[in-house]
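As a plain string of letters, each chain reads:
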Amino acid sequence: MRIIPAIDIINGKCVRLTKGDYDTQIIYGEDPLEMARLFEDHGFKYLHLVDLDGAKSKQIVNHKVLESIAKKTNLMVDFGGGIKTLSDVELAFDSGAKQITAGSMAVQNPELFSSILQKYGFDKIILGADVLNRKIATHGWKKYANLDLFEFLLNYQQKGIQNVICTDIAKDGMLIGSAINLYKEILKKTSLKLIASGGCSSINEVKELNEIGCEGVIIGKAIYEKRINLKELAELC
């Protein structure tokens, strides 16, 4: 299973939010590159990098941070936040992303999203499924579509999507545990490669996510709050 540390960016700094609420931001580091190097030094190979400024704006904002991390580490970065147009996708890949995660675009502009899948390949594009009460959220979780999670996932599975990051917003940043039952249901009803995100708070939980069949897990606040030891976590990679 892929163990994927997360760095969320606001104003060029490493932050974490609670349930996606921008008013709850806590700064955990002034330099995202320094944080990325810390993860690499511990033996991690992957990084989930989110441009929170971009997520609530009309385009990518922090592409220079992505570029710096991609150039100065060997981490394989999946990048999300602010990807709303073909130009944004091109900018993300030109800046060094190995994969991009798109959610709002997949909801609002499915034709564009499908064309990007065809252009870049299914291994390069991750479907972002941010969900609250089984409804899909967009625009940095500021808006909600009248769209059921499983309708969303199965529709894109039929179109060939392979990778999905599913975040249960109610658990994100809460350190109360992952949405295990929801993930079991996704793994039962779809054939998608599922990356769990939101709420993971212990090593045992990481192991459980692996046991139920998740392809990966994204861990953020539990690392920054030292609920999970980096050295111990790296041993699971």
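**Q** Break down the overall build of the protein chain for me, with residues and values.
**A** Looking only at helices and strands, one finds 11 helices and 12 strands in the protein chain. Against the compact-globule benchmark of 18 Å for 237 residues, the protein chain has a radius of gyration of 16 Å, which places it among compact chains. Across its three principal axes, the protein chain shows a C-alpha extent of roughly 40 × 35 × 35 Å. Counting all 237 residues of the protein chain, 56% fall into the buried class. In the protein chain, of all internal contacts separated by at least 6 residues, the share reaching a separation of at least 24 is 66%. Of the side-chain charges in the protein chain, 30 are positive and 30 negative, and the distance between the mean point of each set is 1 Å.

**Q** Quick one: what's the story with the packing of helix α1 (residues 32-41) against helix α3 (residues 63-72), residue by residue and with numbers?
**A** Relative to each other, α1 and α3 sit at 35 degrees, their axes nearing to 9 Å. As for the relative orientation of α1 and α3, their crossing is right-handed in sense. Across the interface between the two elements, Pro32, Leu33, Ala36 and Arg37 from α1 touch Val65, Ser68, Ile69 and Lys72 from α3. When the residues that make up the contact of α1 with α3 are grouped by side-chain class, the tally is 5 nonpolar, 1 polar and 2 charged.

**Q** How would you summarise the packing of aromatic side chains if you had to cite specific residues and measurements?
**A** The full count for this structure, using the stated rule, is 6 aromatic pairs. Note on Phe113 and Tyr156: the rings are 5.1 Å apart at their centroids and 85 degrees apart in plane angle, and the pair reads as edge-to-face. A residue pair is termed long-range when its members are at least 10 positions apart, and Phe113 in helix α6 (residues 110-120) and Tyr156 in helix α7 (residues 149-158) qualify at 43 residues. Of the two residues examined, Phe113 and Tyr156, each falls in the buried class. An aromatic cluster of at least three residues, connected via ring pairs, comprises Tyr28, Phe39, Phe44 and Tyr224. Taking NZ or CZ as reference, Lys189 lies 4.7 Å from the ring centre of Phe150, over its face.

**Q** Can you explain helix α9 (residues 203-212)? Please cite residues and give values.
**A** Since one α-helical turn is 3.6 residues long, residues separated by three or four positions face the same way. All buried positions along α9 are accounted for by Ile203, Glu205, Val206 and Leu209. The buried side chains of α9 occupy one side of the element, clustering within an arc of 165 degrees when seen end-on. Facing away from the buried side of α9, by more than 90 degrees, are the exposed residues Asn204 and Glu211. Those residues of α9 that are buried lie in contact with β1 (2-10), α8 (180-189), β11 (193-197), β12 (216-219) and α11 (230-234). Residue Gly213 follows α9 closely and has a positive phi angle near 115 degrees.

**Q** Can you tell me about the packing of helix α4 (residues 86-94) against α6, naming the residues and giving the values?
**A** Describing two packed helices takes the angle between their axes plus the distance from one axis to the other. Relative to each other, α4 and α6 sit at 35 degrees, their axes nearing to 11 Å. The two elements α4 and α6 meet at a crossing, and its hand is right-handed. For the pair α4 and α6, contact is made by Leu86, Val89, Glu90 and Phe93 and by Leu112, Ile116, Lys119 and Tyr120, respectively. Split by residue class, the contact of α4 with α6 holds 6 nonpolar, no polar and 2 charged.

Cut-offs applied
Throughout this document, residue positions are counted from 1 along each chain, in the order its sequence is written. Only residues with pLDDT of at least 70 get local features here, since the model is predicted, and only at 80 or more are side-chain atom pairs given and counted; chain-wide, interface and lining totals rely on the full set of residues. Hydrogens and water molecules were not included; the side-chain quantities draw on all heavy atoms of the structure. Runs of H or I in DSSP of at least four residues are treated as helices and runs of E of at least two as strands, each being numbered from the N terminus. In this treatment the radius of gyration is a C-alpha quantity, and the globule benchmark scales as 2.2 Å times the residue count to the 0.38 power. Think of it in three bands: with a 1.4 Å probe and only protein chains considered, a residue is buried below 20% of the maximum accessible area for its type, exposed above 50%, and partly exposed in between. Any two residues whose heavy atoms approach within 4.5 Å are treated as being in contact. In this count, Lys and Arg are taken as positive residues and Asp and Glu as negative ones, while His and the chain termini are left out. Charge positions come from single atoms, namely NZ of Lys, CZ of Arg, CG of Asp or CD of Glu. In this description, a line fitted to the C-alpha atoms serves as the axis of each element, helices being fitted only across the stretch in contact, and the angle between N-to-C directions of two axes falls anywhere from 0 to 180 degrees. Note on convention: near helix rotated counterclockwise from far helix by under a right angle means a left-handed crossing. Clockwise means right-handed. Three classes are used: nonpolar for Ala, Val, Leu, Ile, Met, Phe, Trp, Tyr, Cys and Pro, charged for Asp, Glu, Lys and Arg, and polar for all others, with Gly counted as polar. Stacked, tilted and edge-to-face are the three classes applied to pairs of Phe, Tyr and Trp rings, where Trp contributes its six-membered ring and a pair requires centres within 6.5 Å; stacked means planes under 30 degrees apart, edge-to-face means over 60, and tilted covers the rest. Throughout this description, the term charge over a ring refers to an Arg CZ or Lys NZ atom that lies within 6 Å of the ring centre and within 35 degrees of the ring normal. What the arc describes is the spread of directions from the helix axis to the C-beta atoms.

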